[in-house]
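Tertiary structure, described
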Amino acid sequence: MQIHSHVSAFTNLPIPRKFMAAFAAVVVVIFVSSTIVYDRLRVIEWAKDLRVHTTDVLETLQKAMDAMVDQETGLRGYLITGDEKFLEPYHRGGNAYTAAIQKIKDITSDNPSQQSRLDELNELAKNWRSVIAERAIALMAKPEMREEARAWEGSTLGKTAMDLIRAKVDEIDGVERDQLAKRDAVQKQAFATAYMMTILGGAASLIIATLMGVLLTRGIAVPITRMTSAMTTLAKGDSTVEVPGVGRNDEIGAMAVAVHIFKDNMIERQRAQAELARVSRLTTMGELVASIAHEVNQPLTGIVTHGEAGLRWLNRDEPNLDAARDTLSYIIQDGRRAAEIIENLRALTNKSGPQLRRLDINGAIQEILALTRSELTRHDLVLHTDLSTGDRTVFRDRVQLQQVMLNLIVNGIEAMSAVMDRPKVLTISSERVETGGVLVAVKDTGAGIDPATADRIFESFFTTKPNGMGIGLSICRSIIEAHGGRFWASPNTPHGAVFQFTLPADRSEPLATSTS
């Protein structure tokens, strides 16, 4: 089989990895944008803290200047009136100035240049107090020296000293305000960057998510839809249809391979009519192709539906990523379910020798029931099962035992096809027997076994069906006996027939015969 197709690396990824790649792409964009936004927010917080720091310095510096003004005002009031009550604001201002300067030095302890300026300011203030203020107060204490004290304070020396203090305060204030302006600019820039990255990150996430949705739709949903169409065509018996997706290395490729094998088996069935056991199995499968296609179509339809829903979640103004992730998980579940059905189908249609392995007989029966469920529904049959819990494990060939179950179920369906006056009930049960083996029974409420032909129903090429080949029950008995078991039939009360077979305990030696 030579298939010429160009498949991309993304197409060849397994479906779970496709979803992981789509999810990772969105996560990377979100992570990068979030990292940048987080970094800018840290810068904003840093600038905010520094602005608060600078504002605190400016406010405290103003308090220091106000304290100096209080000292100057109190001094002048005392010199003019001679009333010592004006010395109270002078002394209070001095204490306030000392506390303010100490606070500023503590706040700016990591700034040597500001510490130097504050030391210069403090020195100017001390000179004013010691040279001007304290000397004037000492002269005022002597009545005969008061005029001299007033003249001393009113000289240009005092004004010059206060002007120097104000100039130094203005210098410190200017430095801090320059820093405040720079930090304000940094903060605004960080705000703008964070805002822009939030918008760009959201837009990029939306674009990436949409792109991944398109890729997933084109890489999964569309091929599965095409494969469903091809399988429907195959179910109608047209083996000339081309199976899409062959050559891919993902699960869809595996499904395509399985479907292609099914197609090849259909062709092989037409060419190998001489192989009676294989003809029996493939003929029975051919009768159930529509049912199989329906069972496979259910998870595939679910995948398409969930894929479209995921796109709608992602295409909203504000993509709902949680809902999209949920739909992706549903797609994975349906894809795995479809792959399991196809795997069972491939096993039933493959040409191979007996494959002895440990298997759960109940699980093997459930797989056949899944393939025939639609056929049971189409014939209005009621299915009863008694596959009770417990160990039903045997060491047998799964495909051959499933062929037996498939033949018995189809025979039961055909036996009840003409029943109109009573319920059509098919009962399947399994149980452990005393020898450690397993007993399986298939009961129907059909016409039953004609006593006149009861002894011949297991003979090769004997049939009571108008179009039957007469090899189904013969092959079933051969398979069971090759497994070391026993196969028999009996009437069902009040109507129908019961077909039963036993399988002994674990058996590892080769089968007595090959029936595949």
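Given the structure is predicted, the values throughout are model-derived calculations rather than measurements. (Residues numbered from 1 in each chain as written. Predicted model: local features only at pLDDT ≥ 70, side-chain atom pairs only at ≥ 80, totals over all residues. Heavy atoms only, no water.)

1. Side note on the overall build of the protein
For the protein, the count of helices and strands is 13 helices and 7 strands. Out of the 516 residues belonging to the protein, those deemed buried represent 44%. A total accessible area of about 26700 Å² is found for the protein, and carbon and sulfur atoms account for 55% of it. (Helix = DSSP H or I, 4+ residues; strand = E, 2+ residues; numbered from the N terminus. Buried < 20%, exposed > 50% of the residue type's maximum accessible area, 1.4 Å probe, protein only. Areas by Shrake-Rupley, 256 points an atom, 1.4 Å probe, with all protein chains shown as cover.)

2. Looking at the pattern of salt bridges
Counted under the stated rule, the structure contains 10 salt bridges. We note a salt bridge from E72 to R166, for which the minimum N-O separation is 3.2 Å. In this pair, E72 sits in helix α2 (residues 15-81) while R166 sits in helix α6 (residues 156-235), placing the two residues 94 residues apart along the sequence. On the basis of relative accessibility, which here comes to 30%, the residue R166 falls in the partly exposed class. A salt bridge links K168 to E171; the shortest N-O distance between them is 2.9 Å. (Salt bridge = Lys/Arg side-chain N within 4 Å of Asp/Glu carboxyl O.)

3. With respect to the nonpolar core
Across soluble globular proteins, nonpolar side chains have a tendency to be buried as a group. I365, V404, M405, L408, I428, F487 and F501 are the most contacted members of the largest nonpolar core, which totals 35 residues. Element by element, the count of residues in this core is highest for helix α12 (residues 398-415), at 7 residues. If we skip the residues at most four places from it in the chain, M405 touches I365, I368, I428, V440, V442 and F501. In this structure, L61, A67, L121 and A161 belong to the second largest nonpolar core, which totals 32 residues. (Core = buried A, V, L, I, M, F, W, Y, C linked by side-chain atoms within 4.5 Å. Contact = heavy atoms within 4.5 Å.)

4. Some remarks on helix α3 (residues 87-107)
For α3, with 21 residues, the first-to-last C-alpha span of 30 Å sits near the 30 Å given by 1.5 Å per residue. For α3, the complete set of buried residues consists of L87, Y90, G93, G94, Y97, A100, I101, I104, K105 and I107. Summarising the axial view, the buried residues of α3 lie within an arc of 160°, below the 170-degree limit, and thus occupy one face. Residues E88, R92 and N95 are exposed on α3 and point more than 90 degrees away from its buried face. (Expected span 1.5 Å × (residues − 1). Arc of directions from axis to C-beta.)

5. Description of the packing of helix α11 (residues 361-378) against α12
Running from N to C, α11 and α12 cross one another at 40°; their axes reach a closest spacing of 10 Å. Classified by chirality, the crossing of α12 by α11 is right-handed. Facing I361, G363, A364, I365, E367, I368, L369, T372, E375 and L376 of α11, the residues of α12 in contact are R398, L401, Q402, M405, L406, I409 and I413. Here the contact of α11 with α12 is composed, by residue class, of 11 nonpolar, 3 polar and 3 charged. (Axes fitted to C-alpha atoms, helices over the stretch in contact; angles between N-to-C directions. Left-handed = near helix turned anticlockwise from the far one by under 90°. Nonpolar A, V, L, I, M, F, W, Y, C, P; charged D, E, K, R; others polar.)

6. Side note on the sheet that holds strand β4 (residues 425-432)
The 5 strands are arranged β2-β4-β5-β7-β6 in an open sheet whose pairing can be described as mixed. On the outer flanks of this sheet lie β2 (382-387) and β6 (486-491), each paired with one strand and no other. Here the average twist between neighbouring strands, direction ignored, is 10°. Across 6 bridges, the pairing between β2 and β4 is parallel. In the sheet register, L387 faces β4, and the bridge partner there is S430. (Pairing = 2+ DSSP bridges.)

7. Things to note about the environment of D238
By the element assignment, D238 lies in the loop between α6 and α7 (251-271). Under the relative-accessibility criterion, D238 is labelled partly exposed at 33%.

8. Points about the environment of L369
Position of L369 relative to the elements: it lies in helix α11. Using a relative accessible area of 5% as the deciding quantity, one classes L369 as buried. Remark: the alpha-carbon pair of L369 and M405, spanning 36 residues in sequence, is separated by 9.0 Å. In contact with L369, other than residues within four places in its own chain, are L383, T385, I409 and I428.

9. Some words on the packing of aromatic side chains
As enumerated under the stated definition, the model contains 3 aromatic pairs in all. Plain terms: the ring middles of Y90 and W128 are 6.4 Å apart, the flat faces sit at 45° to each other, and that makes the pair tilted. Here the residue Y90 occupies a position in helix α3, and W128 occupies one in helix α4 (residues 112-140), the gap between them amounting to 38 residues. Taking relative accessible area as the criterion, Y90 reaches 2% and is therefore assigned buried. The exposure class assigned to W128 is buried, which follows from its relative accessible area of 2%. Judged by centre distance (6.3 Å) and plane angle (10°), the ring pair of F487 and F501 falls under stacked. Placement of the pair is F487 in strand β6 and F501 in strand β7 (residues 497-503), with a sequence separation of 14 residues. (Phe/Tyr/Trp six-rings, centres within 6.5 Å; stacked < 30°, edge-to-face > 60°.)

10. Remarks on a nonpolar patch on the surface
A contiguous nonpolar surface patch, about 620 Å² in accessible area, is contributed by M20, F23, V27, V28, F31, V32 and I36. Checked against the element boundaries, F23 lands in helix α2. (Patch = residues over 30% accessible without salt bridge, like charges linked within 9 Å, V, L, I, M, F, W, Y side chains within 5 Å.)

11. Examining the packing of α3 against α4
The interhelical angle for the contact between α3 and α4, taken along N-to-C directions, is 165°, at an axis separation of 11 Å. Judged by the angle between their axes, α3 and α4 are roughly antiparallel. Here the hand of the crossing between α3 and α4 comes out left-handed. In this structure, α3 contributes L87, Y90, Y97, I101, I104 and K105 to the contact, and α4 contributes Q115, L118, D119, L121, N122, A125, W128, R129, A133, E134 and I137. (Parallel < 35°, antiparallel > 145°, perpendicular 65-115°, else oblique.)

12. Here's the deal with unusual backbone geometry
P494 follows T493 through a cis peptide bond whose omega is 0°. Along the chain, P494 falls in the loop between β6 and β7. Despite not being glycine, D380 has its phi angle at roughly 55°, a positive value. Within the secondary structure, D380 is located in the loop between α11 and β2.

13. Some thoughts on the confidence of the model for the protein
Per-residue pLDDT for the protein has a mean of 75; in total, 76% of the residues score no lower than 70. Of all helices and strands in the protein, the one with the weakest mean pLDDT is helix α8 (residues 276-287) (54), whereas strand β5 (residues 438-443) scores best (90). A low-confidence stretch, residues 1-7 stays under pLDDT 50, and its non-local contacts, those more than four residues away or across chains, total 7 contacts. Low confidence marks residues 508-516, where pLDDT is under 50. Its contacts with residues over four positions away, or in another chain, come to 21 contacts. (pLDDT = per-residue confidence, 0-100.)

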